[in-house]
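# Structural overview for review
The chain contents come next:
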Amino acid sequence: MTDSAPASTELGAMHIAEILKSLPHRYPFLMIDRIVRIDGDETAVGIKNVTFNEPIFQGHFPENPIFPGVLIIEGMAQTAGAIVIKHDSGTGKKNIVLMLGVDKAKFRKPAGPGDTIEFHIAKIQRRRNVGRYKAEAMVDGTVIAEAEITAMIVEANS
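Looking at an unreviewed UniProt entry, the protein carries the name 3-hydroxyacyl-[acyl-carrier-protein] dehydratase FabZ, with the source organism given as Devosia oryziradicis. Of the comments in the UniProt record for the protein, the one headed Subcellular location (unreviewed entry) reads "Cytoplasm". What the UniProt record of the protein gives under Catalytic activity (unreviewed entry) is the line "a (3R)-hydroxyacyl-[ACP] = a (2E)-enoyl-[ACP] + H2O".

Have a look at this one:
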C-alpha cells in the first residue's frame, strides 16, 4: 500500500485594500468587505457585513430594513470578478469584469442589518474571457439566494 497524499490546494484571501485594487467599484456600491477563501478562479467565499448605516435602508424599507436582492446578486458578481482579476493578474494587463447575465436567480430569505452574508462562488466553466459561476448567498449557514452569473473579462480603459 502506498501513501500518496492528495495534492494540496493553497487557499488565499483578499482584504479590502486588494479588493479595491481589483474592482472599480467604490462605496456605496462595493458589496464585499473581504474574501476569506480563494482557490484560483475555481471557488471563493466573499463576505458582506450588513449594517443599519447602509444608505439603501433609508428607502428599502425604513420600518423593515431588507437588503435588496439585486445587491445580493451584485455581491455574488463582485466576488467572482475579484477572484478572476486576482487569478489573471500575472498577464500584465489591467482588466475589469463585466456582468453578461444572471440565470436561475432565486431569493429564499431576506437579509438585513446585523447579518453577515457569505457569497459562495464556484466556477462552472471559463472559456478565454467569458466565465460562468454558480453562486449562493448564505446567512448563518442558510441559503438566502442563489444564481448563475455569466461575466466577460475586458481590458480596462486607462
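There is more to say, and it comes next.
The next subject is the overall build of the protein. Looking only at helices and strands, one finds two helices and seven strands in the protein. From first element to last, N terminus to C terminus, the protein shows the α and β order β-α-β-β-α-β-β-β-β. Against the 2.2 N^0.38 benchmark of 15 Å for 158 residues, the protein shows a C-alpha radius of gyration of 16 Å, consistent with a compact globule. C-alpha atoms of the protein, sized along the principal axes, occupy 60 × 50 × 30 Å. Taking all 158 residues of the protein together, 38% fall into the buried category. The contacts in the protein between residues at least 6 apart in sequence include a share of 62% that link residues at least 24 apart. Across the protein, the centroid of the 18 positively charged side chains sits 5 Å from that of the 19 negatively charged ones.

This part takes up the UniProt feature "active site" (unreviewed entry) in the protein. Under the feature "active site" (unreviewed entry), the UniProt entry names His60. Structurally, His60 can be placed in the loop between β3 (43–49) and α2 (69–87). In this structure His60 comes out as partly exposed when scored by relative accessible area, which is 23%. Setting aside anything within four residues of it in sequence, one finds His60 in contact with Pro65, Ile66 and Pro68.

This part covers the environment of Asp41. Within the fold, Asp41 resides in the loop between β2 (34–39) and β3. Here Asp41 is in contact with Ile83, His87, Lys123, Arg126 and Tyr133, once residues within four sequence places are set aside. Of the polar contacts made by the side chain of Asp41, one reaches the side chain of Arg126; its length is 3.1 Å.

Once that is clear, we can look at the side chain of Gln78. Residue position: Gln78 is located in helix α2. Aside from chain neighbours lying at most four places away, what touches Gln78 is Leu23, His25, Phe29, Leu30, Met31 and Ile32.

This next bit is on the pattern of salt bridges. For the structure on display, the rule yields eleven salt bridges. Between Asp41 and Lys123 there is a salt bridge, with its nearest N and O atoms 3.1 Å apart. Note that Asp41 is positioned in the loop between β2 and β3 and Lys123 in strand β5 (residues 116–127), a separation of 82 residues in sequence. Lys104 is paired through a salt bridge with Glu148; the nearest N and O atoms lie 3.5 Å apart. Taken together, the positions of Lys104 in strand β4 (residues 95–107) and Glu148 in strand β7 (residues 142–155) put the pair 44 residues apart, joining distant regions of the chain. Classification of Glu148 as buried rests on a relative accessible area of 15%. Here the salt bridges share partners, and the residues they tie into one network are Asp41, Glu42, Asp88, Lys123 and Arg126.

Procedures and definitions
- Residues numbered from 1 in each chain as written.
- Predicted model: local features only at pLDDT ≥ 70, side-chain atom pairs only at ≥ 80, totals over all residues.
- Heavy atoms only, no water.
- UniProt positions renumbered as here; feature names shortened; annotations may be inferred.
- Helix = DSSP H or I, 4+ residues; strand = E, 2+ residues; numbered from the N terminus.
- Rg over C-alpha atoms; globule rule 2.2 N^0.38 Å.
- Buried < 20%, exposed > 50% of the residue type's maximum accessible area, 1.4 Å probe, protein only.
- Contact = heavy atoms within 4.5 Å.
- Lys, Arg positive; Asp, Glu negative; His and termini not counted.
- Charge placed at Lys NZ, Arg CZ, Asp CG, Glu CD.
- Polar contact = N/O pair within 3.5 Å; in protein donor to acceptor, adjacent residues only side chain to side chain.
- Salt bridge = Lys/Arg side-chain N within 4 Å of Asp/Glu carboxyl O.

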